[in-house]
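Structural overview
Here is how the chains run, residue by residue.
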Amino acid sequence: MAAAMGSAVERLVLEEEFKWLLQEEVHIVLKQLQDILKEASQRFALPASGLGGAVKQENFVLSTSGTDQVKGVLTLQGDALCQADVSLKMPRNNQLLHFAFREDKQWKLQQIQDARNHVNQAIYLLMNRDVNYQFKTGLEVLKLMDAVMLQLSRARNRLTTPATLTLPEIASSGLAKMFTPALPPDILVNFYINLNKLCLTVYQLHVLQPSTTKNVKLAGGSILHNPGAIFEFGNQRYEVSHVHKVECVVPWLNDALVFFTVSLQLCQQLKDKISVFSSYWNYRPY
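In this report, we go over the structure that sits alongside the text. All values derive from a computational prediction rather than experimental measurement.

**Points about the overall build of the protein chain**
Counting its secondary structure elements, the protein chain contains five helices and ten strands. A total of 286 residues make up the protein chain; the buried ones form 42% of that total. Within the protein chain, contacts between residues separated by at least 24 positions form 66% of all contacts whose residues are at least 6 apart in sequence. In the structure as shown, the protein chain presents an accessible area of about 15300 Å², 53% of it carried by carbon and sulfur atoms.

**Overview of the nonpolar core**
Counting residues in hydrophobic clusters, the biggest one holds 70 residues, and the most contacted among them are F44, F101, M145, F179, F191, L200 and F260. Looking at this core element by element, the count peaks at twelve residues for helix α5 (residues 251-278). With sequence-adjacent residues up to four places away left out, L200 is seen in contact with L62, V70, V86, V189, N190, F191, H244, K245 and V246.

**Points about empty space enclosed by the protein**
Applying the stated criterion to the full structure yields one cavity of 30 Å³ or more. Volume-wise, the largest cavity comes out at about 40 Å³. In terms of lining residues, the largest cavity is bounded by I170, A171, S173, L175, A176, L183, I187, L188 and V189. Elements represented by at least two residues in the lining of the largest cavity include exactly α4 (167-171) and β7 (187-194). Looking at the lining of the largest cavity element by element, the count peaks at three residues for β7. In terms of residue class, the lining of the largest cavity is made up of eight nonpolar, one polar and no charged.

**Concerning the pairing of strand β2 (residues 70-77)**
In this sheet, β2 lies alongside strand β1 (residues 58-61) in antiparallel orientation, the contact comprising four bridges. Across the sheet, residue E58 finds its bridge partner in β2, namely L76. Of the pairings in the sheet, the one linking β2 to strand β3 (residues 80-89) comprises eight bridges and is antiparallel in character. Bridging from a neighbouring strand, L76 pairs with L81 of β3. Between the end of β2 and the start of β3, which pair antiparallel, lie two residues, with G78 showing a positive phi angle near 65 degrees.

**What about the packing of aromatic side chains?**
By convention here, two paired aromatic rings are described through the distance between centres and the angle between planes. For the structure on display, the rule yields seven aromatic pairs. A ring pair is formed by F44 and F260, whose centres lie 6.5 Å apart and whose planes are at 15 degrees; its orientation type is stacked. Taken together, the residues F44 in the loop between α1 (2-43) and β1 and F260 in helix α5 connect sequence positions 216 residues apart. Residue classification places F44 among the buried positions, given a relative accessible area of 0%. Aromatic side chains Y133 and F135 sit 5.0 Å apart centroid to centroid with 75 degrees between the ring planes, which places their arrangement in the edge-to-face category. The exposure class assigned to F135 is buried, which follows from its relative accessible area of 4%. Connected via pairs of aromatic rings, a cluster forms that spans F99, F101, F179 and F191. It is R129 that lies over the ring of Y133; its NZ or CZ is 5.4 Å from the centre.

**Re the side chain of H244**
Here H244 is to be found in strand β10 (residues 236-249). For H244, the side chain forms a polar contact with the side chain of Q204, separated by 2.7 Å. Among residues more than four places away in sequence, those in contact with H244 are Q69, V70, L88, P91, L200, T201, V202 and Q204.

**Considerations on the packing of helix α3 (residues 138-160) against α5**
Taken N-terminus to C-terminus, the directions of α3 and α5 make an angle of 160 degrees; their axes are 9 Å apart at the nearest point. Considering their axes alone, α3 and α5 lie roughly antiparallel with respect to each other. Note on packing geometry: the crossing formed by α3 with α5 is left-handed. Here the residues of the contact of α3 with α5 are counted per class, giving 15 nonpolar, six polar and three charged.

**Considering the packing of helix α2 (residues 110-127) against α3**
Contact geometry of α2 with α3 gives a least axis separation of 8 Å together with a crossing angle of 165 degrees. With respect to α3, the axis of α2 lies roughly antiparallel. For the pair α2 and α3, the crossing hand works out as left-handed. Together, Q110, Q111, D114, A115, H118, V119, Q121, A122, L125 and L126 of α2 and L144, M145, A147, V148, Q151, L152, R154, A155, R158 and L159 of α3 make up the contact between the two elements. Of the residues contributing to the contact of α2 with α3, the split by class is twelve nonpolar, five polar and three charged.

**Description of the pattern of salt bridges**
Opposite charge on two side chains permits them to pair, given that their charged atoms come into close proximity. Evaluated as defined, the whole model comprises twelve salt bridges. With a closest N to O distance of 3.2 Å, D255 and R43 form a salt bridge. Separated by 212 residues along the polypeptide, D255 in helix α5 and R43 in helix α1 bring together distant segments of the chain. For E247, the salt bridge goes to K245, with nearest N and O atoms at 3.8 Å. One network of salt bridges, in which partners are shared, links E39, R43 and D255.

The rules behind the values
- Residues numbered from 1 in each chain as written.
- Predicted model: local features only at pLDDT ≥ 70, side-chain atom pairs only at ≥ 80, totals over all residues.
- Heavy atoms only, no water.
- Helix = DSSP H or I, 4+ residues; strand = E, 2+ residues; numbered from the N terminus.
- Buried < 20%, exposed > 50% of the residue type's maximum accessible area, 1.4 Å probe, protein only.
- Contact = heavy atoms within 4.5 Å.
- Areas by Shrake-Rupley, 256 points an atom, 1.4 Å probe, with all protein chains shown as cover.
- Core = buried A, V, L, I, M, F, W, Y, C linked by side-chain atoms within 4.5 Å.
- 1 Å grid on protein atoms, 1.4 Å probe; cavity = no way out; pocket = protein on both sides within 12 Å on 5 of 7 lines; lining within 4 Å.
- Points joined across faces, edges and corners; volume = space filled by probe spheres on them.
- Nonpolar A, V, L, I, M, F, W, Y, C, P; charged D, E, K, R; others polar.
- Pairing = 2+ DSSP bridges.
- Phe/Tyr/Trp six-rings, centres within 6.5 Å; stacked < 30°, edge-to-face > 60°.
- Lys NZ or Arg CZ within 6 Å of the ring centre and 35° of its normal.
- Polar contact = N/O pair within 3.5 Å; in protein donor to acceptor, adjacent residues only side chain to side chain.
- Axes fitted to C-alpha atoms, helices over the stretch in contact; angles between N-to-C directions.
- Parallel < 35°, antiparallel > 145°, perpendicular 65-115°, else oblique.
- Left-handed = near helix turned anticlockwise from the far one by under 90°.
- Salt bridge = Lys/Arg side-chain N within 4 Å of Asp/Glu carboxyl O.

Any functional reading would require information beyond the geometric quantities listed.
Quick look at the structure:
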């Protein structure tokens, strides 16, 4: 009988603790998540002066650990690459090519746009449950955490996993039309985000004669294509002769990735607490 009473008391205590978790601690965690993600969201649109100001422009110098075949400065304004000033030293004759964005052109970085949208969607999910909202079950909390974590994982993945593109997709992307003077037909360029870095890849090409490429396998999609890759564009086959990759660190992208990681950890910790209580019951206490 004493054992039964002890078990009943323990169960009552656990139920009270679980009730406090649902009514109090969950909202504390939700507020922490909102604050962190609002900071993350602001990193994607840095105002020039105070709230509501225009997004400031930031200049970044491109660098590489290898040769200095490509040099340049990129100007980033939020999710838009608004200027790219690039110099390329041609390996064959050391001729120096210089090209820059036309003043009327900007290149939107879809990865940054998508990551920001996913963060804002996570914030929306969190703010739908204000401080007066009463969570009835643990399952309700778990579903909310899963939905928030899905958006945060997608935001992180957009920055950590650049799109795999075929060379014809790069050739037809419209980037070539951004520059003045126009890029030579044997040059392809591609911009993308990889973690906290803004990357530029320059591909130098040479035209292949039809008689030499009858049975050649064409290159598929890739983040970075290697010399020797062959593709077809405009009824003409090309081979990549040289590849130059340069990059610059964007500090606020690193901040955003840290915020994503911390937020995902908070979500998981709350899920783990809910799961701990479930282990004390034989049935699902959700």
